[in-house]
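Residue strings, one per chain:
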Amino acid sequence: MRIVRFSHHESIRFGIVDGTDLVVLAGDPLFAGFDTTGERVPLAEVALLAPVIPRSKVVCVGKNYRDHAAEMGGEAPAAPLLFLKPNTAVIGPGDAIVRPPQSQRTDFEGELAVVIGRVAKNIAASDALDYVFGYTIGNDVTARDLQQADGQWARAKGFDTFCPLGPAIETEFSLDGGARIVTRVDGQVRQDGPISDMVHSVPDIIAYASAAFTLLPGDVILTGTPAGIGPFEAGQSVEVEITGLGTLRNTARIA
């Protein structure tokens, strides 16, 4: 099932993708289930929004692909390296990524995003996927020069617009289906790697994170990026495509 959050006639609603139409849901499916209103809206008539706005947090995993850890000048950590983005960083498909004046280098990082569907605390990895609502695409935008200058990542990763998500949440995505992450800048491939190259698996990440803090419905976990990260400039288009999840597109501008 593919779920979107959309704007139509100045109203924000949720829907299930059915061909070229949306079957309109009665409320946020994370909390209200999948009851429908009986309405159908053509996809061509709506503006897609970020499919989820985390009520609490975006949990991110650093250096979770060995080739990316190597290009950053180190090795993949023995345990998941966690950091947080504020929910104010979230934007949707088609929204502008704003390059802040404080940074001279802003990078893309295409990633698989996990949407939590149930309250999760101290759960076992063997049970972790039972707490997943679905999957979407994320871009862990990073002010690389500020990351290096600050010595920690909160500011560099947390600017407004630095967490594009979308275009939809897929509830039936297979982690073992051979999906690849491909990131393009103005149509040129910059990243291309299989999600199977993750050092720490999605279940292990969820279990590890839930041992530190409670995961709430709507929280998002970004699971790391393959090699090939790099800068983009104002006016350029950044696309992150994941097999089975579609393509997330955003264009950059200066503040």
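So, here's what we can say about the structure. (Residues numbered from 1 in each chain as written. Predicted model: local features only at pLDDT ≥ 70, side-chain atom pairs only at ≥ 80, totals over all residues. Heavy atoms only, no water.)

### A look at the nonpolar core
Selection criterion: Here the nonpolar core consists of buried residues drawn from Ala, Val, Leu, Ile, Met, Phe, Trp, Tyr and Cys, with membership extended through side-chain atoms lying within 4.5 Å. Throughout, exposure labels follow a simple rule: accessible area from a 1.4 Å probe, protein chains only, divided by the maximum for the residue type, with under 20% read as buried, over 50% as exposed, and the rest as partly exposed. Under the scheme used here, helices are H or I runs from DSSP no shorter than 4 residues and strands are E runs no shorter than 2 residues, and both carry numbers assigned from the N terminus.
Core analysis: the biggest nonpolar cluster contains 28 residues, and L112, F173, I195, I206, L215, I221 and I242 have the highest contact counts within it. Mapped by element, the contributors of at least two residues to this core are β6 (58-62), β11 (110-116), β12 (132-139), α5 (202-212) and β19 (237-242). The element contributing the most residues to this core is α5, with 4 residues. Judged by nonpolar contacts, the second largest core, of 21 residues, contains V90, L165, I169 and L222.

### Digging into the sheet that holds strand β16 (residues 188-194)
Under the convention used in this document: At least two bridges found by DSSP between two strands is the condition for calling them paired. Axis lines are fitted through C-alpha atoms, for helices just across the contact stretch, and the angle between N-to-C directions can take any value from 0 to 180 degrees.
Ordered in space as β9-β20-β19-β15-β16, the 5 strands form an open sheet in which the pairing is mixed. In the strand order of this sheet, the two ends are held by β9 (96-99) and β16, each with one partner. Each adjacent strand pair in this sheet contributes to an overall mean axis angle of 20 degrees, direction not counted. The pairing of β9 with strand β20 (residues 246-254) spans 4 bridges and is parallel. Paired with V98 across the bridge in β20 is R253.

### Looking at the pairing of strand β15 (residues 180-185)
Counting buried positions along β15 gives 5 out of 6 residues, so the element sits mostly inside the fold. Bridge analysis of β15 against β16 gives 6 bridges, and the strand direction is antiparallel. Its bridge partner lying in β16, R180 is registered against P194. Taking the residues between adjacent antiparallel strands as the criterion, β15 and β16 are bridged by 2 residues, where D186 takes a positive phi near 50 degrees. When β15 meets β19, the two strands line up antiparallel, connected through 5 bridges. If you follow T183 over to β19, its bridge partner there is V240.

### Quick notes on the environment of P164
Structurally, P164 is set in strand β14 (residues 163-170). On the basis of relative accessible area, P164 is assigned to the buried category, the value being 0%. Placed 124 residues apart in sequence, P164 and R40 show a C-alpha to C-alpha distance of 27 Å.

### A short note on unusual backbone geometry
Cis rather than trans, the peptide bond between G166 and P167 has omega equal to 0 degrees. Take P167: it is sitting in strand β14. For E10, which is not glycine, the phi torsion reads 65 degrees and is therefore positive. Within the fold, E10 resides in the loop between β1 (2-8) and β2 (11-18). E10 sits in the exposed class, given a relative accessible area of 83%. Phi at N122 is positive, roughly 55 degrees, even though this residue is not glycine. Along the chain, the position of N122 falls in the loop between β11 and β12.

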